[in-house]
Amino acid sequence: MMGSTIRRGTLIVLEGCDRSGKSTQARMLVDSLTQEGHPSKLMRFPDRTTTLGKTINDYLTSAVEMSDQAIHLLFSANRWEAMKQMEADLNAGTTLVVDRYAFSGVAFTAAKGLDLQWCKNPDTGLYAPDVTIYMDLPVDEAMRRGGFGEERYEKEDFQNKVGQVFMQLRTPEWKIVDASPSIDSVHTTLLDIAKTTIDRAAKSPLQR
Ligand code: DGP
Ligand code: NA
Ligand code: NA
């Protein structure tokens, strides 16, 4: 074993409609991976703590209005402003568990009727996930979960459209996980996927 070689971290992305359990699962995944000796960090997009993120938060809580195009570019910029730190973390061997990423960017804007390719363009060149885990939950089930309906996009018709775009974006490499079972059971599935991906990803370079 070459002691000086740092295995790069793995970029794990959780996607899905609102209230599919991504945030809970992302937190649990980071805890378990860390406990098992894989340095890991939780990230989420939008990151509402930055200057851009504060404006995004104002939009999501309907405190401000913005054109569909302008907010789309802000969401993308909010991912771009994190890239340097993400690169540093990954190169230092830290696995990143990311609660939403560019697929949400495309799905939520394309669901408004904007051109799919136009939606994809600004996120071109972001680091590519080593795995995309899609938390699959029927919208009517998501609506029964706590807090649904508080923010701008949390409406049944819209979420159904978002889900349809996600299914258009999916590739054979995506892991589609049934998000209906218990929190612990979904966690076991995700931890398994994460560990398999960490083993595989360390052997290949980071992609854009
Ligand atoms: P969350 O904090 O994960 O609940 O996300 C907030 C909301 O913003 C949620 O309805 C999903 C939506 N969203 C996340 N990323 C993007 C994006 O890049 N573009 C758009 N238009 N919406 C997004
Ligand atoms: Na939400
Ligand atoms: Na969430």
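See above for the structure.
Quick caveat, the model's predicted, so the values are computed rather than measured. Within any chain, residue numbers begin from 1 and follow the written order of that chain's sequence. To label them, take the chains in the order written and letter them from A, then take the ligands in the order written and number them from 1. Residues qualify for local features only when their pLDDT is at least 70, as the model is predicted, and side-chain atom pairs are given and counted only at 80 or more; totals for whole chains, interfaces and linings, by contrast, use all residues. Side-chain calculation: all heavy atoms of the structure are included, whereas hydrogens and water are not.

### Let's talk about the overall build of the protein
Phase 1: A count of helical and extended segments in the protein gives nine helices and five strands.
Phase 2: Secondary structure counts use DSSP, requiring at least four H or I residues in a row for a helix and at least two E residues in a row for a strand, with both numbered from the N terminus. Mapped from its N terminus to its C terminus, the protein presents α and β elements in the order β-α-β-α-α-α-β-α-α-β-α-α-β-α.
Phase 3: Every radius of gyration here is taken over C-alpha atoms, with the globule rule written as 2.2 Å times N^0.38, N being the number of residues. The globule rule puts the C-alpha radius of gyration for 208 residues at 17 Å, and the 17 Å found for the protein is close to it.
Phase 4: Taken over the C-alpha atoms alone, the protein extends approximately 55 × 35 × 30 Å along its principal axes.
Phase 5: Buried, partly exposed and exposed residues are distinguished by accessible area as a fraction of the type maximum, computed with a 1.4 Å probe on protein chains only: under 20%, between the cut-offs, and over 50%, respectively. The buried share of the protein, reckoned over its 208 residues, is 46%.

### What about the packing of helix α3 (residues 68-80) against helix α5 (residues 102-110)?
Phase 1: Axis definition: a line fit to C-alpha positions, over the contact stretch in the case of helices; interaxial angles, taken between N-to-C directions, run 0 to 180 degrees. One can describe the packing of α3 onto α5 by two numbers: an axis separation of 10 Å at closest approach and a directional angle of 175°. The orientation of α3 with respect to α5, classified from their angle, is roughly antiparallel. Judged by residue contacts, Asp68, His72 and Arg79 of α3 engage Ala102, Gly105 and Thr109 from α5. Note that the term roughly parallel is reserved for angles under 35 degrees, roughly antiparallel for angles over 145, roughly perpendicular for angles of 65 to 115, and oblique for everything else. In this description, contact between two residues means that some pair of their heavy atoms is separated by no more than 4.5 Å.

### Side note on the pattern of salt bridges
Phase 1: In what follows, salt bridge is the name for a side-chain nitrogen of Lys or Arg lying within 4 Å of a carboxyl oxygen of Asp or Glu. Applying the stated criterion across every chain, the model contains eleven salt bridges.
Phase 2: A salt bridge links Lys195 to Glu36, with the shortest nitrogen-to-oxygen separation between them at 2.9 Å. On the criterion of sequence distance, the pair formed by Lys195 in helix α9 (residues 183-201) and Glu36 in the loop between α1 (22-35) and β2 (40-44) is long-range, its members being 159 residues apart.
Phase 3: With relative accessibility at 41%, the residue Glu36 sits in the partly exposed group.

### Thoughts on the site of ligand 1
Phase 1: Residues are classed as near a molecule or strand on a simple rule: at least one heavy atom within 4 Å of it. Every one of the 13 residues lining ligand 1 counts as a neighbour, but Asp18, Arg48, Arg79, Arg100 and Gly105 are closest to it.
Phase 2: We define a polar contact as two N or O atoms separated by no more than 3.5 Å, with the added condition that, inside protein, one atom must be a possible hydrogen donor and the other a possible acceptor, whereas residues neighbouring each other in sequence contribute only through side-chain atom pairs. Taking Asp18, its side chain carries an N or O atom lying 2.9 Å from an oxygen atom of ligand 1.
Phase 3: At a separation of 2.8 Å, an oxygen atom of ligand 1 approaches a polar side-chain atom of Arg79.
Phase 4: Isolated, ligand 1 exposes 500 Å² of accessible area, and the fraction of that covered by the protein chains is 95%. Residue exposure ignores everything except the shown protein chains as possible cover, and the areas themselves are Shrake-Rupley values with a 1.4 Å probe.

### Looking at unusual backbone geometry
Phase 1: Going from Phe45 to Pro46, the amide bond is cis rather than trans, its omega being -5°.
Phase 2: Checked against the element boundaries, Pro46 lands in the loop between β2 and α2 (51-60).
Phase 3: Here Arg19, not a glycine, exhibits a phi torsion of approximately 65°, which is positive.
Phase 4: Relative to the helices and strands, Arg19 is located in the loop between β1 (11-16) and α1.
Phase 5: Of note in the backbone geometry, Arg100 takes a positive phi value of approximately 75° without being a glycine.

### Here's the deal with the layout of surface pockets
Phase 1: Lining residues are defined by having an atom within 4 Å of a point belonging to a cavity or pocket. Those points lie on a 1 Å grid over the protein atoms alone, cavities being sets where a 1.4 Å probe fits but cannot get out and pockets being open sets with protein on both sides within 12 Å along at least five of seven lines. Grid points are joined across faces, edges and corners, and a volume is the space filled by probe spheres set on the points. Here the largest pocket defines a volume of roughly 630 Å³.
Phase 2: Lining the largest pocket are 26 residues; nearest its centre among them are Phe103, Ala128, Pro129, Thr132 and Trp174.
Phase 3: Where the lining of the largest pocket is concerned, the elements lending two or more residues are α5, α6 (116-120), β4 (131-136) and α9.
Phase 4: If you tally residues by element for the lining of the largest pocket, the top one is α9, at four residues.
Phase 5: Ten residues, namely Ala, Val, Leu, Ile, Met, Phe, Trp, Tyr, Cys and Pro, are considered nonpolar, four, namely Asp, Glu, Lys and Arg, are considered charged, and the remaining ones, Gly among them, are considered polar. Residue classes in the lining of the largest pocket are distributed as twelve nonpolar, seven polar and seven charged.
Phase 6: Taken as a whole, the second largest pocket spans an internal volume of roughly 530 Å³.
Phase 7: Surrounding the second largest pocket, 25 residues form its lining, Asp18, Arg44, Arg48, Arg100 and Glu151 being those nearest its centre.
Phase 8: Only α1, α3 and α5 provide two or more residues apiece to the lining of the second largest pocket.
Phase 9: Broken down by element, the residue count for the lining of the second largest pocket peaks at four residues, all from α5.
Phase 10: Here the lining of the second largest pocket is composed, by residue class, of seven nonpolar, seven polar and eleven charged.

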